[in-house]
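# Results of the structural survey
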Amino acid sequence: MVESSRHALYNVFLTHCQAFKSGIISHIYVANNILFRYSKCYPGDLNLACKLFDEMPHKDTVTWNTMISGYVESGNLGAAWEFLKSMKRRGFQADGYTFGSILKGVAHACRHDLGKQVHSLIVKIGYEQSVYAGSALLDMYAKCERVEDAYDVFQGMPVRNFVSWNALIDGFVQVGDRDTAFWLLDCMQKEGVRVEDGTFAPLLTLLDGDKFYKLTMQLHCKIVKHGLEFYNALCNATLTAYSECGLLEDAKRVFDGAVGTRDLVTWNSMLVAYLVHDKDEDAFNLFLEMQGFGFEPDIYTYTCVISACFAAAHKNYGKSFHALVIKRGLEESVTICNALITMYLKLNNKSMEAALNLFHSMKSKDRVSWNSILTGFSQMGFSEDALKLFGHMRSSAEEIDDYAYSAVLRSCSDLAILQLGQQIHLLTVKTGFDSNDFVASSLIFMYSKCGIIEDAWKCFEDTTKESSITWNSIMFAYAQHGQGDVALDLFSIMREREVKLDHVTFVAVLTACSHVGLVEQGRCFLKSMESDYGIPPRMEHYACAVDLFGRAGYLEEAKALIDSMPFQPSAMVLKTLLGACRACGNIELAAQVASQLLEVEPEEHCTYVILSNMYGHLKRWDDKASVTRLMRERKVKKVPGWSWIEVKNEVHAFKAEDRSHPYSEDVYQILGELMEEMKRLHSLASSDSLMHDVNHMYPRSDLSY
C-alpha cells in the first residue's frame, strides 16, 4: 500500500513538473486535475495539495470541492469546515458536490449541530430540491441517529431512489426501530423501487433472537427471489442472523452454499456461529479448514478462537494459538494480547503469571488490557494486588470506567476495607459512574460485606431500579445479613414492578431461604423456576438448594437432589454437600462426597482438611492418618486462613497463632479479656435460661414462701 502510494505520488509529481515546464499549469482544468490526484495519494497528508492550492492563480468551485473532499476523506472535518467558510467568504457558490462532501464528514463525526447549519445553507441557496444534496442530508441525519429529521427530509425529496430508501432504512436500523425499518421495506417494494444488497443487509442485523427465526427465513426468501444471495455482505449477514436466531444448521447451509463467493468475513462469521453455540471443536476445525482454502486468519479470527480456549480441555490449544500469533508476527496487536490475557486468566490461578508477563510485555495498552488484569486479580482473590494495580491505573492517566470501578470495589469487599471503599465511592460520584448498575451493585456488595447494610440500602435507593442487577445485589445483602424475610419481600416487590428476573435473582432468593431456614418455600422456588418464570435451574441453584437442605439437616434429600440433577455435579455442589455433612456429623456420606471431590479437584486442600477434622472429632485416628498421608503423597499443602482488620486506613492481617505483628502481645491480651467476657456472658445467659424454665414450671406465688 505504501509503495503504491509512493509510486502514485511520483507519477503526479512528474505530471506537475511537466505541466509547470510547459506552462499549462495555469489552466484551471489541469491544475484541478493535479490537485485532485495529490489529495488521493496520501490520505491524511494534504501538504502538497495545499501548496498547489495556494499557488493557483485561478480557482473555481471544483478547486474548493477537491480540498474539502480531501480533508473529509482524511478524517479532518475541522479543516474541511474552515475551507467551506473560506469558500463562502471568497464568493464561491457551494453546489451539490460541496454539500455531499461536507455532509459525509459531518455524518462520520456525528456532528448534527454542524449538519443543521449545512441544512440551513442548502435551503437558503435553494438546493433543497437537489436529489444529491437531499440524499446527503438524509444520510447525515440517519447516521447521527436523528431519524425523525431524516424522515422529514425524505418526505420533502421530489425524487427518491434506492439510495435514499436504503439510507432511511439503515437509519431506523441504527436506532433499533425494527417495526419502522420493516415498514419502510414494504413501502419501498410497493412503490416499485429496486431493492439490492444494501437494502437487506442492515435489516438482517435486527434479527437476533429465537422469536425472529420465521422473519429471518422470509427475508432470506426475498433475497433469493431477487437473486442477491451470492452477494458477500448479504451472505454474511444471513449466516449471522440464522445463528443469532438459534438456527445453526441453517447458518451452516448458507455457508456451504456460498462456496464460490466466501470471503474472510464469511469464514469468521461461521467461526463465531460455532463458538456462540458452544461448538468449540467445530470452530477449531474450521480455523484449520479456512487456511486450507487459502484464507489467512486476521486479528478478529485469532481473537475469536483464543476466546474459546479458557476451558481446561482446551488449555493446550490456547498456548498453541499464542505460539501461532508470535509466529505470524501479531504479538503486538493489542486486541489479540487482550484476548490472550483473558484466556490465561480464565484457565486457572496458575496461569496468572503468564497473563501478567504478557501484560507487562505489551508496548501499548488500552483500557481493556488494564481492566482484564484488574478483574483477574479481583476474581482470583489477589485483592491487595488489585488495589495496587488500580493505583497504577489512575497514575497512568488511563480512563477509569465502570468495569474498573466494579473490580476494585469487589476487592474492597473481599478485604472489608471500608475507608478505601468509601473513597472509591466518592470517585464514582465525581466521575458519574455511581448511577451505573454494575458499579451500584458493587457498592451495595461492598457496604454489605463491611457490615453497613444501611449504606448498601442507600446505594440501592439511588439507582433507577429498572434492572435486576441492583435488585439481586440488595437481596443478597439482606440474605447474608440474616434478614432473608426482607430479601423475599424485595423479590415480591420486584415482581410487582415487572423487573425482568434472571438466574441470579433466584440464586439470591434461594440463598435467602437457606439463611432463614425456609425449606418448603425454597423447594417450591426451585421447582417453579422453569415452569413459572422460564428460567431453568443451573448448577448454582442446585448448590443453593443443597445448602438449604443441609442447613436444615435434610442430608438425604440434598443427596437425592444431586442425584436427580440433569448434569454432573460440579465441585461447588459437592463442596456444599460436604459442608452440610460436616455440620450434621455424617462421616459416611462425607467420605463418599470427599472421594468424588478428590477426583474432580485432587489438589484442593479444603477437602482433605474437612475430612481429616471430621475423623479427628470422631477419634478415628487411623482414618485421619490416612488422609494426612494422602495429602503428603500428593504434595497438597494446607493453606492457612487469614483474618484482617482495618485500623486508621491501614490493613493488618493475621493467621492462627500468629505472633509476627509488632503489637501481638497487646492483641493477645485483649483477646484473652474478650474470651473471659464471653464466658461470663454465656454463664449469665445459661442462668437466665434456667430461671426461665423454673418460673415456667412453678408460679411465682408458689415460690414466695
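Refer to the structure printed above.
Residues numbered from 1 in each chain as written. Predicted model: local features only at pLDDT ≥ 70, side-chain atom pairs only at ≥ 80, totals over all residues. Heavy atoms only, no water.

All right, on to the overall build of the protein then. Assigned secondary structure in the protein consists of 39 helices and 2 strands. Taking 2.2 N^0.38 as the reference for a compact globule, 705 residues should give roughly 27 Å; the C-alpha atoms of the protein span a radius of gyration of 34 Å, well beyond that estimate. Taking the principal axes of its C-alpha atoms as reference, the protein extends roughly 130 × 60 × 60 Å. By the burial criterion, 43% of the 705 residues in the protein qualify as buried. Total accessible area computed for the protein in this model is approximately 38,400 Å², and 54% of it derives from carbon and sulfur atoms. When the 69 positive and 88 negative side-chain charges of the protein are each reduced to one mean point, those points stand 4 Å apart. (Helix = DSSP H or I, 4+ residues; strand = E, 2+ residues; numbered from the N terminus. Rg over C-alpha atoms; globule rule 2.2 N^0.38 Å. Buried < 20%, exposed > 50% of the residue type's maximum accessible area, 1.4 Å probe, protein only. Areas by Shrake-Rupley, 256 points an atom, 1.4 Å probe, with all protein chains shown as cover. Lys, Arg positive; Asp, Glu negative; His and termini not counted. Charge placed at Lys NZ, Arg CZ, Asp CG, Glu CD.)

A word on the side chain of Arg262. Its location among the elements puts Arg262 in the loop between helix H15 (248-256) and helix H16 (264-276). Separated by 3.1 Å, the side chain of Arg262 and the backbone oxygen of Phe255 make a polar contact. (Polar contact = N/O pair within 3.5 Å; in protein donor to acceptor, adjacent residues only side chain to side chain.)

Moving on, we come to the pattern of salt bridges. All chains considered together, the criterion is met by 21 salt bridges. A salt bridge links Glu191 to Arg160; the nearest nitrogen and oxygen atoms lie 3.5 Å apart. A residue pair is termed long-range when its members are at least 10 positions apart, and Glu191 in the loop between helix H11 (178-190) and helix H12 (197-204) and Arg160 in the loop between helix H9 (147-156) and helix H10 (162-174) qualify at 31 residues. A residue is classified by how much of its surface remains accessible, and Glu191, at 49% relative accessible area, is partly exposed. With a shortest N-O distance of 3.6 Å, Glu461 and Lys465 are connected by a salt bridge. With relative accessibility at 40%, the residue Glu461 sits in the partly exposed group. Via salt bridges that share partners, Arg367, Glu399 and Asp401 belong to a single interconnected network. (Salt bridge = Lys/Arg side-chain N within 4 Å of Asp/Glu carboxyl O.)

Positive phi, normally seen in glycine, also occurs at Asp278, with a value near 60°. By the secondary structure assignment, Asp278 is in the loop between H16 and helix H17 (280-292). In this structure, Ala416 is a non-glycine residue whose phi angle is positive, near 55°. Topologically, Ala416 is positioned in the loop between helix H24 (402-415) and helix H25 (418-431). With relative accessibility at 33%, the residue Ala416 sits in the partly exposed group.

This next bit is on the packing of aromatic side chains. For the structure shown, the criterion picks out 27 aromatic pairs. Measuring from ring centre to ring centre gives 5.8 Å for Trp64 and Phe92, while their planes differ by 45°; the resulting arrangement is tilted. Residue Trp64 is found in helix H4 (residues 61-73), and its partner Phe92 is found in the loop between helix H5 (77-89) and helix H6 (96-109); the two are separated by 28 residues along the sequence. With centroids separated by 6.4 Å and ring planes inclined at 65°, the aromatic side chains of Phe491 and Tyr533 adopt a geometry described as edge-to-face. Separated by 42 residues along the polypeptide, Phe491 in helix H29 (residues 484-496) and Tyr533 in helix H31 (residues 519-533) bring together distant segments of the chain. For Tyr533, a relative accessible area of 24% puts it in the partly exposed group. Members of the aromatic cluster, connected to one another through ring pairs, are Phe53, Trp64, Tyr71, Phe83 and Phe92. Sitting over the face of the ring of Trp267, Arg262 holds its NZ or CZ atom 5.1 Å from the ring centroid. Here the basic side chain of Lys365 rests over the ring of Phe359, its NZ or CZ set 5.0 Å away from the ring centre. (Phe/Tyr/Trp six-rings, centres within 6.5 Å; stacked < 30°, edge-to-face > 60°. Lys NZ or Arg CZ within 6 Å of the ring centre and 35° of its normal.)

An α-helical segment advances 3.6 residues per turn. Residues three or four places apart therefore align on the same side. With 13 residues, H10 extends 18 Å from end C-alpha to end C-alpha; this agrees with the ideal 18 Å at 1.5 Å per step. When we look at burial in H10, the residues that qualify are Ser164, Trp165, Asn166, Ala167, Leu168, Ile169, Gly171, Phe172 and Val173. Where the residues of H10 are buried, they touch helix H8 (131-143), H9, H11 and H12. Between the side-chain oxygen of the N-cap and the backbone nitrogen of Val163 there are 3.2 Å, and the N-cap of H10 in question is Asn161. At the C-terminal side of H10, Gly176 shows a positive phi close to 80°. (Expected span 1.5 Å × (residues − 1). Contact = heavy atoms within 4.5 Å.)

This brings us to a nonpolar patch on the surface. Among the surface-exposed residues, Ile670, Leu671 and Leu674 lie close enough to one another that they form a single nonpolar patch of about 270 Å² accessible area. Of note, Ile670 is situated in helix H38 (residues 664-697). Overall, the relative accessible area of 45% leaves Ile670 in the partly exposed class. (Patch = residues over 30% accessible without salt bridge, like charges linked within 9 Å, V, L, I, M, F, W, Y side chains within 5 Å.)

Applying the stated criterion to the full structure yields 0 disulfides. The thiol of Cys235 is not disulfide-bonded; the next cysteine sulfur, from Cys221, is found 15 Å away. The buried category is assigned to Cys235, whose relative accessible area is 3%. Cys524 supplies the cysteine sulfur nearest to Cys513, a cysteine that is in no disulfide, at a spacing of 9.3 Å. Judged by its relative accessible area of 0%, Cys513 is buried. (Disulfide = S-S within 2.5 Å.)

Here we come to the packing of H8 against H9. The contact between H8 and H9 brings their axes to 7 Å, and the two run at 165°. Relative to H9, H8 is oriented roughly antiparallel. The hand of the H8/H9 crossing is left-handed. Every residue of H9 that contacts H8 at Gly134, Leu137, Leu138, Tyr141 and Ala142 is listed here: Val147, Asp149, Ala150, Val153 and Phe154. (Axes fitted to C-alpha atoms, helices over the stretch in contact; angles between N-to-C directions. Parallel < 35°, antiparallel > 145°, perpendicular 65-115°, else oblique. Left-handed = near helix turned anticlockwise from the far one by under 90°.)

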